[in-house]
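Geometric and topological summary
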Amino acid sequence: MKFTGTDTYVATPDLMIAVNAAITLQRPLLIKGEPGTGKTVLAHEVAKALGKDLLEWHIKSTTKAQQGLYEYDAVSRLRDSQLGDERVHDIKNYINKGKLWHAFTADDSPILLIDEVDKADIEFPNDLLQELDRMEFNVYETGETIRAVNRPLVIITSNNEKDLPDAFLRRCFFHYIKFPDKKTMVDIINVHFPDIQNILVREALNLFYDVRDVPGLKKKPSTSELLDWLKLLMVEDMPLDVLRSNDPKTMIPPLHGALLKNEQDVHMLERLAFMNRRENR
Amino acid sequence: MFINFFMTLREHGVPVSLREYLMLMEGMQAGLADHSITDFYYLSRATLVKNESNLDKFDQIFGHCFKGLEAPEAEDLTAEIPEDWLRKMAEKFLTPEEMEKIESAGDWDKLMETLKKRLDEQNERHQGGSKWIGTAGTSPFGAYGYNPEGIRIGQKESRHRRAVKVWDKREFRNLDDNVELGTRNIKVALKRLRNFARQGAAEELDLDDTIQSTAKRGYLDIKMVPERHNAIKVLIFFDIGGSMDPHIKLCEELFSAARSEFKHMEYFYFHNCLYEGVWQDNSRRHQNRMNTYDILHKYPHDYKVIFVGDASMSPYEIVHPGGSVEHWNEESGEVWMKRVLEIYQSAIWLNPIKEAHWDYTHSISLMRQLMNDKMYPLTVNGLESAMKELSRKH
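Residues numbered from 1 in each chain as written. Chains lettered and ligands numbered in written order. Predicted model: local features only at pLDDT ≥ 70, side-chain atom pairs only at ≥ 80, totals over all residues. Heavy atoms only, no water.

Overview of the overall build of chain B
Quick reminder of the rule: By the criteria applied, helices consist of DSSP H or I runs no shorter than four residues and strands consist of E runs no shorter than two, each listed in order from the N terminus. When checking whether two residues touch, look at their non-hydrogen atoms; a contact exists if any pair is within 4.5 Å. Values of accessible area rely on a 1.4 Å probe in the Shrake-Rupley scheme; residue burial ignores everything except the protein chains shown.
Within chain B, the regular secondary structure consists of 15 helices and 11 strands. Sequence separation of at least 24 residues holds for 65% of the intrachain contacts in chain B that already meet a minimum separation of 6. Carbon and sulfur atoms make up 48% of the accessible area of chain B, which amounts to about 20900 Å² in all.

Concerning the overall build of chain A
Note the cut-off: Burial status follows relative accessibility: with a 1.4 Å probe on protein chains alone, a residue under 20% of its type maximum counts as buried, one over 50% as exposed, and anything between as partly exposed.
Within chain A one finds 13 helices and nine strands. Looking at chain A residue by residue over its 281 residues, the buried ones come to 49%. In chain A, 73% of the contacts between residues at least 6 apart in sequence involve partners at least 24 apart. Put simply, chain A shows about 14000 Å² of open surface, and 48% of that area lies on carbon and sulfur atoms.

A few points about a nonpolar patch on the surface
Formally: A patch consists of residues whose relative accessible area exceeds 30% and which take part in no salt bridge; residues with like charges are grouped when within 9 Å of each other, and nonpolar side chains (Val, Leu, Ile, Met, Phe, Trp, Tyr) when within 5 Å. Salt bridge, as used here, is a side-chain nitrogen of Lys or Arg placed within 4 Å of a carboxyl oxygen of Asp or Glu.
There is a patch of nonpolar side chains on the surface, built from V75 of chain A together with L205, L207, I211, L220, I222 and M224 of chain B and spanning about 550 Å² of accessible area. Within the secondary structure, L205 of chain B is located in strand β3 (residues 196–205). Judged by its relative accessible area of 41%, L205 of chain B falls in the partly exposed class.

Some details on the interface of chain A and chain B
What counts is decided by this rule: Accessible area, probed at 1.4 Å, shrinks when two parts are joined; the buried area is that loss added up over both. Whenever two N or O atoms come within 3.5 Å, that pair is a polar contact, provided that in protein one can donate a hydrogen and the other can accept it, and provided that, for residues adjacent in sequence, both atoms are side-chain atoms.
Contact with chain A, which involves 29 residues of that partner, is made by 35 residues of chain B. Together, the buried faces of chain A and chain B total about 3000 Å²; carbon and sulfur atoms form 60% of this surface. When residues of chain A are sorted by the area they lose upon contact with chain B, I17, R170 and F174 of chain A head the list and together hold 21% of the total. Applying the counting rule to chain A against chain B returns three salt bridges. At the junction of chain A with chain B, the criterion picks out seven residue pairs in polar contact (both at pLDDT 80 or more). Ranked by the residues each element gives to the side of chain A that touches chain B, the list is headed by helix α1 (residues 13–25) of chain A, at eight residues.

Some points on the packing of aromatic side chains
Rule in force here: Think of it this way: a Phe, Tyr or Trp ring, Trp meaning its six-membered ring, pairs with another when their centres are within 6.5 Å, and the plane angle makes it stacked under 30 degrees, edge-to-face over 60, tilted otherwise. Geometrically, a charge over a ring is one whose NZ (Lys) or CZ (Arg) sits within 6 Å of the ring centre while staying within 35 degrees of the ring normal.
Throughout the structure, instances matching the rule amount to 27 aromatic pairs over all chains. Where Y70 of chain A meets F137 of chain A, the ring centres are 6.4 Å apart and the plane angle is 20 degrees; that geometry is what we call stacked. With Y70 of chain A in strand β3 (residues 70–72) and F137 of chain A in strand β6 (residues 136–139), this residue pair connects regions lying 67 residues apart in the sequence. Each member of the pair, Y70 of chain A as well as F137 of chain A, is classed as buried. For the pair F208 of chain A and Y209 of chain A, a centre-to-centre distance of 5.4 Å together with 85 degrees between the ring planes defines the contact as edge-to-face. In textbook terms, an aromatic cluster arises when at least three aromatic residues are bridged by ring pairs, as seen for F2, F5, F40, Y41, Y42, F58 and F62 of chain B. One residue, R212 of chain A, lies across the ring of F179 of chain A, its end atom 3.4 Å from the ring centre. Above the ring of W336 of chain B, the side-chain terminus of R339 of chain B is found at 4.5 Å from the ring centroid.

Considering the nonpolar core
Cut-off, in case you're wondering: As used in this record, nonpolar core signifies buried Ala, Val, Leu, Ile, Met, Phe, Trp, Tyr and Cys residues forming a set joined through side-chain atoms within 4.5 Å.
V46 and F173 of chain A are the most contacted members of the largest nonpolar core, which has 79 residues in total. With eight residues, the top contributor of residues to this core is α1 of chain A. Among residues more than four places away in sequence, those in contact with V46 of chain A are F3, V19, I111, L153 and I155 of chain A. Ranked by size, the runner-up nonpolar core spans 30 residues in total, among them L235, F268, M313 and M367 of chain B.

Things to note about the sheet that holds strand β8 (residues 153–158) of chain A
All names here are of chain A. Spelled out, the test is: Strand pairing is assigned whenever DSSP identifies at least 2 bridges connecting the two strands. In this description, a line fitted to the C-alpha atoms serves as the axis of each element, helices being fitted only across the stretch in contact, and the angle between N-to-C directions of two axes falls anywhere from 0 to 180 degrees.
Pairing is parallel across the open sheet formed by five strands, whose spatial order is β2-β5-β8-β1-β9. In this open sheet, the two strands that pair with only one neighbour each are β2 (54–58) and β9 (173–177). For this sheet, the mean angle separating the axes of adjacent strands, direction not counted, is 20 degrees. Bridge count between strand β5 (residues 111–115) and β8: four bridges; the pairing is parallel. Counterpart to L112 in the pairing with β8 is V154.

Details of helix α10 (residues 198–213) of chain A
Filter applied, for reference: A helix is expected to span 1.5 Å multiplied by its residue count minus one.
For α10 of chain A, with 16 residues, the first-to-last C-alpha span of 22 Å sits near the 22 Å given by 1.5 Å per residue. Listing the buried residues of α10 of chain A in full gives L200, V201, E203, A204, L205, L207, F208, Y209, V211 and R212 of chain A.

So, the packing of helix α4 (residues 74–83) of chain A against helix α9 (residues 207–217) of chain B
The line we're drawing: Small angles under 35 degrees read as roughly parallel and large ones over 145 as roughly antiparallel, with 65 to 115 read as roughly perpendicular and the rest as oblique. Left-handed describes a crossing whose near helix is turned anticlockwise from the far helix through less than a right angle; right-handed describes the clockwise counterpart. Residues are grouped as follows: Ala, Val, Leu, Ile, Met, Phe, Trp, Tyr, Cys and Pro are nonpolar; Asp, Glu, Lys and Arg are charged; every other residue, Gly included, is polar.
Viewed as axis vectors pointing N to C, α4 of chain A and α9 of chain B meet at an angle of 20 degrees, and their least axial separation amounts to 11 Å. Here α9 of chain B runs roughly parallel to α4 of chain A, going by the angle between their axes. As α4 of chain A runs across α9 of chain B, the sense of the crossing is left-handed. Residues A74, V75, L78 and Q82 of chain A of α4 of chain A form the contact with α9 of chain B, whose own contacting residues are L207, I211 and T214 of chain B. Counted by class, the contact of α4 of chain A with α9 of chain B contains five nonpolar, two polar and no charged residues.

What to know about the pairing of β9 of chain A
Residue and element names in this part refer to chain A. Most of β9 sits inside the fold, with five of its five residues counted as buried. Where burial is concerned, the two faces of β9 agree: the one with F173, H175 and I177 and the one with F174 and Y176 are both buried. Two elements, strand β1 (residues 29–33) and β9, share five bridges in a ladder whose sense is parallel. Opposite L29, over in β9, you have F173 as the bridge partner.

Remarks on unusual backbone geometry
One non-glycine residue, Q26 of chain A, adopts positive backbone phi at about 55 degrees. Looking at the element boundaries, Q26 of chain A is found in the loop between α1 and β1. Judged by its relative accessible area of 38%, Q26 of chain A is partly exposed. Here N272 of chain B, not a glycine, exhibits a phi torsion of approximately 65 degrees, which is positive. One can find N272 of chain B in the loop between β6 (264–270) and β7 (277–279).

A closer look at the confidence of the model for chain B
All names here are of chain B. Put simply, the test is: As a per-residue measure, pLDDT tells how confident the predictor is, with possible values from 0 to 100.
On average, chain B scores 72 in pLDDT, and the residues at 70 or more come to 64%. Counted against residues more than four places away or in other chains, residues 71–108, with its pLDDT under 50, gives 66 contacts. For this predicted complex, the interface confidence score (ipTM) comes to 0.77, while the overall pTM stands at 0.60.

Some thoughts on helix α15 (residues 380–390) of chain B
Residue and element names in this part refer to chain B. Within α15, eight of the 11 residues are buried, leaving the element largely enclosed by the surrounding structure. Taken as a whole, α15 has its buried residues at V380, G382, L383, E384, A386, M387, E389 and L390. Measuring from the backbone nitrogen of G382 back to the side-chain oxygen at the start of α15 gives 3.1 Å, which picks out T379 as the cap.

Right, dumping it as structure tokens:
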């Protein structure tokens with residue numbers, strides 16, 4: 001069982017090693033990187049490549065670790081008791097299984113994606129330490145112990161909003177997805193738009209990396225933004241010479257709204273273009 | 001050899017533990033890195049490094065520990081170069097100062113391109129000098145010399161650890177701490193100051209209280225509590241103008257991050273040192289001055305105070321009445337600083353100047369003493385320790 005990328009996802013050799021290590025040693029894999037470099041997509045692609053089910057657990061600031069295990073719905077039990085419902089006598093009726101429970105009890109070991117783990121409270125990863133390490137937990141209400149039949153592959157993504165506790169990190173493999181270089185980027189584009197003209201890709205990439213190199217941008221455009229932009233360029237059937245021209249007037253790329261998401265960044269590019277124009281006069 | 005590698009990592013402050021080392025061994029045993037040293041590098045990196053700010057350190061140590069394990073990447077180039085060019089004739093002696101001076105030729109691609117061009121141009125053996133391929137020079141091409149981004153041609157092992165390999169490329173250099181301080185990083189650091197409290201309208205269900213109260217009364221009695229908010233209150237004083245001009249961008253970022261992070265934030269400007277007047281709008285600083293006393297009276301002592309400034313000025317501006325460069329101040333800056341610190345127990349100073357340079361400016365040491373050593377550099381690390389200090393209970 002080895003992951004080598006898929007026909008819709010380009011994996012660099014270091015990413016492959018990290019994923020395969022996590023699969024072989026059955027440890028969680030922590031993925032970090034700039035937004036838009038394909039952290040969440042990785043889990044989808046690994047699931048597709050290995051032919052496994054994917055369970056997604058998206059973390060919000062209010063998510064508690066307990067919600068991943070199970071939730072005891074005391075309120076509906078209370079209501080049922082007032083209405084004299086028969087269900088009230090069995091506490092199991094009020095325990096809602098969480099994602100981890102589903103992942104542990106699935107027949108074929110699935111892939112569990114814990115997305116944006118840093119969004120949650122600081123204590124969140126600590127609360128999951130034992131559960132992810134031993135892959136078991138207790139249900140206090142019924143006294144059962146849920147143990148993983150087949151250990152699922154856990155992929156965790158983080159956007160670095162909070163530091164994760166050391167004890168948690170020690171149990172994971174870590175991979176930082178760095179921003180792809182031009183060569184990898186061409187591969188990625190070919191995978192997404194197989195029938196795009198080479199020339200368009202080349203010109204667009206040059207422009208894209210130029211924009212990324214502009215110092216002081218608040219939000220540098222990322223891979224996913226580049227893909228959106230290319231899609232737009234194709235739909236609009238943008239003439240090539242618009243991209244290619246070295247005319248400083250077009251320093252601002254066409255359809256820049258897909259690349260720059262911050263009006264200050266757009267202003268800055270405009271200002272730079274203006275200054276360029278003056279120099280060239 | 002691996003133990004040695006492990007210990008070196010620890011020595012240089014990469015936080016690795018036994019658990020991770022055993023995990024690496026387990027991975028080796030499972031045959032995850034059988035094929036090449038590059039695979040081993042990737043595996044050990046995924047196992048041992050858990051924070052991207054340590055990746056660069058890891059790359060350097062890896063390069064140091066396993067140097068010479070594999071032939072240089074550019075080996076296939078040797079074939080095209082006549083042997084005798086590369087025979088070691090002499091080694092140019094370079095002092096560390098000289099090494100510093102040698103400029104790198106640019107990135108990898110440019111290096112390869114230049115090399116090809118150089119190869120076409122060059123026809124005879126060459127030694128020394130700083131442009132042509134040969135031995136013992138400072139050109140990026142050739143062996144036994146020094147250039148930070150050199151390609152090794154015909155040299156047995158790395159002398160300066162500078163030939164560019166995967167880990168030697170040091171692609172993660174700019175992820176190292178201390179340097180990069182974007183708005184996002186600042187926000188993350190400021191989040192440490194969060195202190196939640198319940199205030200406002202009751203709109204969340206309090207389950208525990210509901211159950212208890214229902215059991216007591218015998219009918220469903222729903223209890224609500226207000227949502228939790230960040231209740232931290234902050235006063236920020238920014239030094240502005242003069243020597244602070246080079247740090248404007250950094251301060252802007254700090255400002256916008258603090259703005260969005262703290263609901264109760266008040267900011268004021270001062271110049272060089274705090275005196276009897278501050279202002280909130282820098283373009284009208286002389287018309288709309290506020291009395292510092294008013295501020296001390298208005299904001300209660302549970303506010304946290306942050307000063308942002310380089311504290312670089314003439315010592316007289318701190319210790320003497322009338323020392324201010326802008327106006328005649330009746331009382332010295334020292335008196336005003338002490339007044340503020342007496343009221344607000346949690347107060348820190350953030351300094352955009354690098355910590356290593358603090359000792360060279362007398363006024364910085366003075367101000368640091370006044371602040372009881374609670375001065376922190378304006379870096380990710382510094383900001384985090386500062387927030388830790390501020391969140392301490394007094």
